[in-house]
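Read off the chains here:
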Amino acid sequence: MTIEETTEAPAAAVPGTTGPGSGRAFDVERVLAALTLEEKASLLSGLDFWTTQPVDRPEVAVPGVMVTDGPHGLRKQAESPDHLGLGTSVPATCFPPAATLGSTWDPALLRRVGEALGRETRANDVAVLLGPGINITRSPLNGRNFEYLSEDPVISGELGAALVDGIQSQGVGTSLKHFAANNQEADRMRVSADVDERTLREIYLPGFERVVKRAQPWTVMCSYNKINDVYASQNHWLLTEVLRDEWGFEGLVVSDWGAVRDRVAAVAAGLDLEMPASGGRTDAEVVAAVRAGTLDEAVVDVAARRVLRLVARSLPALDAAAASGEGFDVDAHHALAREAAAAGTVLLKNDAVPAGGSGDGPTGVPLLPLAAVDGVAVIGELARTPRYQGAGSSQVNPTRLDDALSALRSATGAEVPFAAGYTVDGADAGSGTDAAALLAEAVEVARAAGTVLVFLGLPASYESEGFDRAHMDLPAEQVAVLEAVAAINPRVVVVLANGSAVSVASWRHLAPAVVEGWLGGQAGGSAVVDVLLGAVNPAGRLAETIPLRLADNPSYGNFPGELGHVRYGEGLLVGYRWYDARQADVAYPFGHGLSYTTFAYDGVAAEVLRPDATAADDDAADGAAVRVRVTVTNTGDRSGAEVVQVYVGDPAAQVQRPERELKAFAKVDLAPGESRELTLDLTGRDLAYWHPVLRRWVVEGGEFVVSVGASSRDLRGSATVVVDGEDVRLPLEPLSTVAEAMAHPVVGPHIQALVHGGAVAEDMLGMIGDMPLTVVADFGMGGFDRDGLTALLAEANG
C-alpha cells in the first residue's frame with residue numbers, strides 16, 4: 001500500500017549516532033574473533049532480568065545494555081526487577097495503549113508517538129524498548145488485546161512500522177512482538193496454535209512482515225506458544241526461513257521472558273538472545289553441545305555477532321545522552337499523549353434527541369458535542385478514578401494523570417455535579433460503598449441534570465496480561481446504574497474505558513450517544529473531555545469489530561482451546577472478514593466511527609497500471625499495480641478528519657477468499673466545504689493470496705472489485721479492474737480429478753469430448769467429476785486406460 005497523500009519529513013539525526021564519538025565503541029568482528037566459546041555462549045543470555053551479558057577482561061570489553069518493557073511507555077524498574085510491573089519504575093509518559101492507537105488509523109501521529117518514546121528510552125539509558133505488539137485481535141476475550149493494534153494485518157503493519165520508525169529514529173531499538181500466533185493468554189506458555197499455513201501467511205504474519213521490510217526493527221521477540229506443535233523459540237521455519245531468508249530481517253531475535261524450552265534447539269533455530277538470565281545453566285548447555293559436536297560453533301558465532309551488533313549500535317546514542325545529561329520534555333510528551341488519546345477516541349453513536357429530552361415532539365439535535373455545560377452531570381467512578389492502561393508487564397508509572405471529572409470542571413470552570421454510582425477495584429467512592437446507596441445517589445444527581453455523562457468500563461481485574469476475559473460484558477453493577485439513570489433522564493451519553501470490545505447490544509438503546517474512549521493513557525481524561533466539548537472533532541475509527549454477542553465471534557468454540565491445543569478453525573475469516581462473509585449483523589463494523597461533521601465521496605475510480613502484476617512487485621519501488629482515486633468533501637460546518645478505506649475483493653478465485661479485505665487507507669483533514677482527491681496505490685501483493693499447494697503468493701488473473709468507503713459496511717463507491725495475473729495452473733497428476741482435468745486449458749477439451757461423447761453414462765456424469773483420473777482409467781469409464789492417461793498427463797504438463 002502506498003498513499004500519495006501522506007508524506008513526512010525525515011526525523012532529525014540524533015547526536016552521537018554517526019561517526020566515532022562513543023567511548024565504549026568496539027569493533028564487532030575483532031571482538032568476536034577474540035572471544036572464547038564460553039564468552040560467546042554467555043552473550044546469548046541475559047545478565048539479569050533486563051541487562052545483556054558484558055564481557056570484561058583486558059583484551060576485550062563489551063558492555064551490557066539494558067532493555068525494558070514498553071510498548072506504550074517506558075517501564076524501567078529502578079528497584080525490584082519483578083517483571084510483572086509491581087516494582088517501582090521511573091516516571092515516564094504513559095501514552096495510550098495500542099488498542100487506542102490502533103483506532104487513530106494515523107501512521108504520522110504514531111511516528112511522532114514513537115519519537116517521543118525513543119527520546120524517553122534514550123534519556124533513561126535503555127537500549128531497546130520492548131514493543132510494539134502487533135498480534136491480531138482474534139477474539140475479544142484475549143486479556144492482552146489492549147496491547148495490540150487491530151484485527152487486521154494492514155492496520156497492524158502500517159501503524160507498527162510507524163512506531164518502530166519513530167522509536168528507532170532516536171538511536172535506540174525496538175522489539176517487535178510477539179512472533180507469532182500469540183492471540184490468547186490462557187495457557188500461553190505451552191499452548192499450540194494449530195493454524196494452516198495460508199491463514200498464517202495472510203492473517204497472522206503479514207503485519208510482522210510489513211514492519212520488518214519497512215522499518216527493520218532492531219529485535220524481534222518470539223512468543224511463548226507453539227505453532228503447530230513447535231515452540232516459537234525453537235521454530236527454524238519461523239525464525240530463520242521466514243523471518244530472515246524470506247523477509248530479510250537483519251536484527252536479533254530475543255525470547256519472550258521465559259519462553260525458551262530447549263536452548264540448544266533454539267540457537268540452532270535462530271533465537272539469538274534468551275531472556276532473562278538463566279544463571280549460566282543454558283550457556284553451559286550451548287558450550288556442551290558444541291563440544292559434543294551436536295551444535296556447530298559457527299551457529300553460535302552468528303548469534304553472538306548479532307548480540308554484539310545490537311550492543312554496538314546502541315552505544316553512540318546512549319553515551320551521547322549520558323554525556324549531555326539529556327532528559328525529555330514532560331509537558332510536550334503529555335500534550336502528545338492527550339492528542340493521541342483524542343485521536344483514538346471513537347464516536348460510536350450520536351443520535352438526535354427531541355428537544356427537552358422527552359420522547360415526544362420534533363427531532364432535535366445530537367447530544368454531542370455538548371452545547372453547554374449548564375445542567376451537565378457526571379456519573380461513574382471511572383470519571384474520577386480512570387482506567388487508563390492495561391494490567392501486567394506494560395504498566396507505566398505516569399508523569400502525571402488526568403481524570404475526566406477534573407478535566408471537565410477545569411475546562412468549563414463549573415463545579416459539575418458528580419456521583420460515583422459504583423466502585424472500581426476498591427476505589428474510594430466517598431462517604432459509603434453500599435451499592436444501593438451509590439445507585440440512589442446517582443439517580444438523584446441524574447434527576448436534576450439536563451444531560452448525564454455516564455462513565456462505564458472494565459476494571460483491571462477484568463482484563464490483564466496473564467489471563468483471558470470470561471465474557472464481553474460490562475460489570476453488572478455498572479449496567480444497573482445506566483438503566484436506573486436512563487429511566488429518569490433519557491439524555492444520556494455513555495463514555496467507555498476498556499482495552500478490547502465490550503458488549504453494547506443490551507444497553508446501547510438507553511443512550512443516544514456512545515463514546516469509545518478505550519484506555520486513554522495518562523492524558524486520556526482530558527482527551528475525552530476535548531471530544532465531548534467539541535474542542536476535538538472525533539476521528540477515531542474501529543480497528544476491531546464490535547459484535548452483537550460473543551457467540552457471533554469467528555473464534556467462538558475454538559477459543560482458548562483445550563488440552564494444550566487451540567484450533568484456528570475460522571481460518572482466514574477473522575474479524576470483519578467473518579462477519580462480512582456471513583452478512584451477519586454487528587453492533588458496530590470494522591472501520592466505523594462518527595464525526596461532528598459529514599463527508600461525501602465522489603469519483604471512485606481504479607486504474608490498472610500493471611496488468612501482469614505479481615506478488616513480487618510489492619518489494620519493488622515501482623510496484624504499484626492498481627491506482628485508486630477518490631474525492632472526499634467535508635459537507636458539514638466543522639473541520640474534521642475522515643479515514644478513507646480501500647477494500648479489495650476477488651469474486652472468482654480458485655480458492656476461498658474473504659468478501660473484501662482492507663488493503664489501503666488514508667486519513668485526511670478537511671475544512672468545511674473543502675474537497676480533496678486522494679490517490680492510493682495497490683501492489684500485486686495487495687491482490688494476491690497464498691497458494692496452499694504452490695506455497696507462494698500468487699495473483700490470479702481476472703476481475704477484482706475495489707471498494708472505497710468509511711467502514712467495511714459503509715462502502716461509498718466501487719470499481720472493477722481486470723488484471724492478467726499469473727498462470728496458477730497446477731500440474732495434472734494421476735490423482736487429479738476428472739473435473740480438474742476438464743478445466744485444464746490444454747487437455748480439458750479432449751477430456752470433455754471423451755466424457756460427454758458417450759464414454760460415461762449420463763447418470764454417472766455428476767459422480768465422475770470428483771473421481772481421480774487413475775480410478776476412471778482403471779474402471780474403463782473415461783475412454784482411456786493407464787497408457788492413455790500417461791499420454792494425457794504428458795500433454796498437459798509438457
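See the structure shown above.
Residues numbered from 1 in each chain as written. Predicted model: local features only at pLDDT ≥ 70, side-chain atom pairs only at ≥ 80, totals over all residues. Heavy atoms only, no water.

A. Representation of the overall build of the chain in the model. Across its full length, the chain holds 24 helices and 31 strands. Whereas a compact globule of 798 residues would reach a radius of gyration of roughly 28 Å, the chain reaches 29 Å, a difference of no more than 12%. In terms of overall dimensions, the chain has C-alpha extents of about 95 × 80 × 50 Å along its principal axes. Residues counted as buried form 61% of the 798 residues belonging to the chain. Long-range contacts, defined as pairs at least 24 residues apart, comprise 75% of the intrachain contacts of the chain with a sequence gap of at least 6. Total accessible area computed for the chain in this model is approximately 28800 Å², and 51% of it derives from carbon and sulfur atoms. Averaging the locations of the 61 positively and 106 negatively charged side chains of the chain gives two centres separated by 3 Å. (Helix = DSSP H or I, 4+ residues; strand = E, 2+ residues; numbered from the N terminus. Rg over C-alpha atoms; globule rule 2.2 N^0.38 Å. Buried < 20%, exposed > 50% of the residue type's maximum accessible area, 1.4 Å probe, protein only. Contact = heavy atoms within 4.5 Å. Areas by Shrake-Rupley, 256 points an atom, 1.4 Å probe, with all protein chains shown as cover. Lys, Arg positive; Asp, Glu negative; His and termini not counted. Charge placed at Lys NZ, Arg CZ, Asp CG, Glu CD.)

B. Representation of the sheet that holds strand S22 (residues 565-567) within the structure. Strand order in this open sheet of four strands is S11-S10-S8-S22, and the pairing throughout is mixed. Only two strands of the sheet have a single neighbouring strand rather than two, namely strand S11 (230-231) and S22. Sheet analysis places strand S8 (residues 192-194) next to strand S10 (residues 226-227), joined by two bridges and oriented parallel. The partner of Ala-193 across the bridge, within S10, is Ile-227. (Pairing = 2+ DSSP bridges.)

C. Focus on the pattern of salt bridges. Following the criterion strictly, the structure yields 52 salt bridges and no others. In this structure, Arg-190 engages Asp-187 in a salt bridge whose closest nitrogen and oxygen atoms are separated by 2.8 Å. You can call Arg-190 exposed: its relative accessible area is 53%. What you see here is one network of salt bridges that share partners, running through Arg-144, Glu-147, Lys-177, Glu-185, Arg-188 and Glu-465. (Salt bridge = Lys/Arg side-chain N within 4 Å of Asp/Glu carboxyl O.)

D. Seen up close, the environment of Glu-209. Position of Glu-209 relative to the elements: it lies in helix H7 (residues 206-215). Here Glu-209 falls in the buried class, since its relative accessible area comes to 7%. Separated by 56 residues in the primary sequence, Glu-209 and Pro-153 place their C-alpha atoms 9.6 Å from one another. At 2.7 Å, the side chain of Glu-209 forms a polar contact with the side chain of Arg-685. (Polar contact = N/O pair within 3.5 Å; in protein donor to acceptor, adjacent residues only side chain to side chain.)

E. Spotlight on the side chain of Ser-736. By the element assignment, Ser-736 lies in the loop between strand S31 (715-723) and helix H20 (738-742). Looking at Ser-736, its side chain comes within polar contact range of the main-chain nitrogen of Glu-733, at 2.8 Å. Excluding residues that lie within four positions of it along the chain, Ser-736 makes contacts with Pro-731, Met-771, Pro-772 and Leu-773.

F. Inspection of the nonpolar core at higher detail. Judged by nonpolar contacts, the single largest core of 119 residues is most densely connected at Phe-26, Phe-179, Trp-257, Leu-308 and Leu-662. Looking at which element gives the most residues to this core, the answer is helix H11 (residues 297-324), with ten residues. Not counting chain neighbours up to four residues away, the residues in contact with Leu-662 comprise Trp-105, Asp-152, Val-154, Ile-155, Tyr-576, Phe-590, Gln-645, Val-646 and Tyr-647. Ala-377, Leu-482, Leu-510 and Ile-546 belong to the second largest nonpolar core, which has 70 residues in total. (Core = buried A, V, L, I, M, F, W, Y, C linked by side-chain atoms within 4.5 Å.)

G. Local environment of the sheet that holds strand S30 (residues 702-709). The sheet built from four strands is open, its strands ordered S26-S25-S30-S31 with antiparallel pairing. Two strands close off the open sheet at either side, each with one partner strand: strand S26 (661-670) and S31. Adjacent strand axes in the sheet meet at a mean angle of 20°, parallel and antiparallel pairs treated alike. With nine bridges joining them, strand S25 (residues 640-649) and S26 adopt antiparallel strand pairing. Note that in S26 the partner of Glu-642 across the bridge is Val-668. (Axes fitted to C-alpha atoms, helices over the stretch in contact; angles between N-to-C directions.)

H. Just unusual backbone geometry, in detail. Geometrically, the link from Lys-177 to His-178 is a cis peptide bond, its omega value of -5° lying close to zero. Note that the residue after Phe-179, namely Ala-180, is joined by a cis bond; omega there is 10°. Inspection of the secondary structure puts Ala-180 in the loop between strand S7 (173-179) and S8. In this model, Ala-181 sits at a positive phi of 55°, which is unusual for a non-glycine residue. Here Ala-181 is to be found in the loop between S7 and S8. For Ala-181, a relative accessible area of 3% corresponds to the buried category. Here the phi dihedral of Asp-229 falls at roughly 80°; this positive angle occurs in a residue that is not glycine. Along the chain, Asp-229 falls in the loop between S10 and S11. A relative accessible area of 49% means that Asp-229 is categorised as partly exposed.

I. Local environment of the pairing of strand S16 (residues 376-379). With burial as the criterion, each face of S16 is covered, one bearing Val-376 and Val-378 and the other bearing Ala-377 and Ile-379. Two strands pair when backbone bridges link them, and S16 and strand S19 (residues 451-457) are joined in this way by four bridges, in the parallel orientation. Bridge assignment links Val-376 to a residue of S19, and that residue is Thr-451. Taken together, the two bridges between S16 and strand S18 (residues 418-419) define a ladder with parallel strand orientation. When the sheet's bridge partners are listed, Val-378 is paired in S18 with Phe-418.

J. Highlighting the packing of helix H6 (residues 197-204) against helix H8 (residues 236-246). Relative orientation of the contacting elements H6 and H8 amounts to 55°, with a least axis distance of 15 Å. By the angle between their axes, H6 is oblique relative to H8. Where H6 crosses over H8, the handedness of that crossing is right-handed. Facing H6, whose interface residues are Glu-197, Leu-200 and Arg-201, H8 presents Trp-237, Val-242 and Glu-246. Of the residues assigned to the contact of H6 with H8, the class counts are three nonpolar, no polar and three charged. (Parallel < 35°, antiparallel > 145°, perpendicular 65-115°, else oblique. Left-handed = near helix turned anticlockwise from the far one by under 90°. Nonpolar A, V, L, I, M, F, W, Y, C, P; charged D, E, K, R; others polar.)

K. Up close: the packing of aromatic side chains. This model, assessed by the stated rule, comprises ten aromatic pairs. For the ring pair Tyr-204 and Tyr-568, a centre distance of 5.2 Å and an interplane angle of 75° mean the geometry is edge-to-face. Remark: Tyr-568 occurs in the loop between S22 and helix H18 (576-582) and Tyr-204 occurs in helix H6; sequence separation between them is 364 residues. Both residues of the pair, Tyr-204 and Tyr-568, belong to the buried class. Aromatic ring contacts, followed pair by pair, group Trp-105, Tyr-576, Phe-590, Tyr-647 and Phe-665 into a single cluster. Geometry around Tyr-568 places Arg-138 over its ring, the cationic atom sitting 4.0 Å from the centre. (Phe/Tyr/Trp six-rings, centres within 6.5 Å; stacked < 30°, edge-to-face > 60°. Lys NZ or Arg CZ within 6 Å of the ring centre and 35° of its normal.)

L. Representation of helix H12 (residues 330-343). Along its 14 residues, H12 runs 20 Å from first to last C-alpha, staying within 8% of the 20 Å computed at 1.5 Å per residue. When we look at burial in H12, the residues that qualify are His-333, His-334, Leu-336, Ala-337, Ala-340, Ala-341, Ala-342 and Ala-343. On its buried face, H12 is in contact with helix H3 (98-102), helix H4 (107-123), helix H17 (524-533) and S26. Two to three positions downstream of the cap, the backbone nitrogen of Asp-331 sits 3.2 Å from a side-chain oxygen, assigning the N-cap of H12 to Asp-329. (Expected span 1.5 Å × (residues − 1).)

M. Quick peek at the environment of Val-346. Along the chain, Val-346 turns up in strand S13 (residues 346-350). With relative accessibility at 0%, the residue Val-346 sits in the buried group. Residues Val-346 and Ala-484, 138 residues apart in the sequence, show an inter-C-alpha distance of 25 Å. Residues contacting Val-346, with those up to four places away along its chain left out, are Ser-103, Val-514, Val-515, Glu-516, Trp-518, Gly-540, Arg-541, Leu-542, His-592 and Gly-593.

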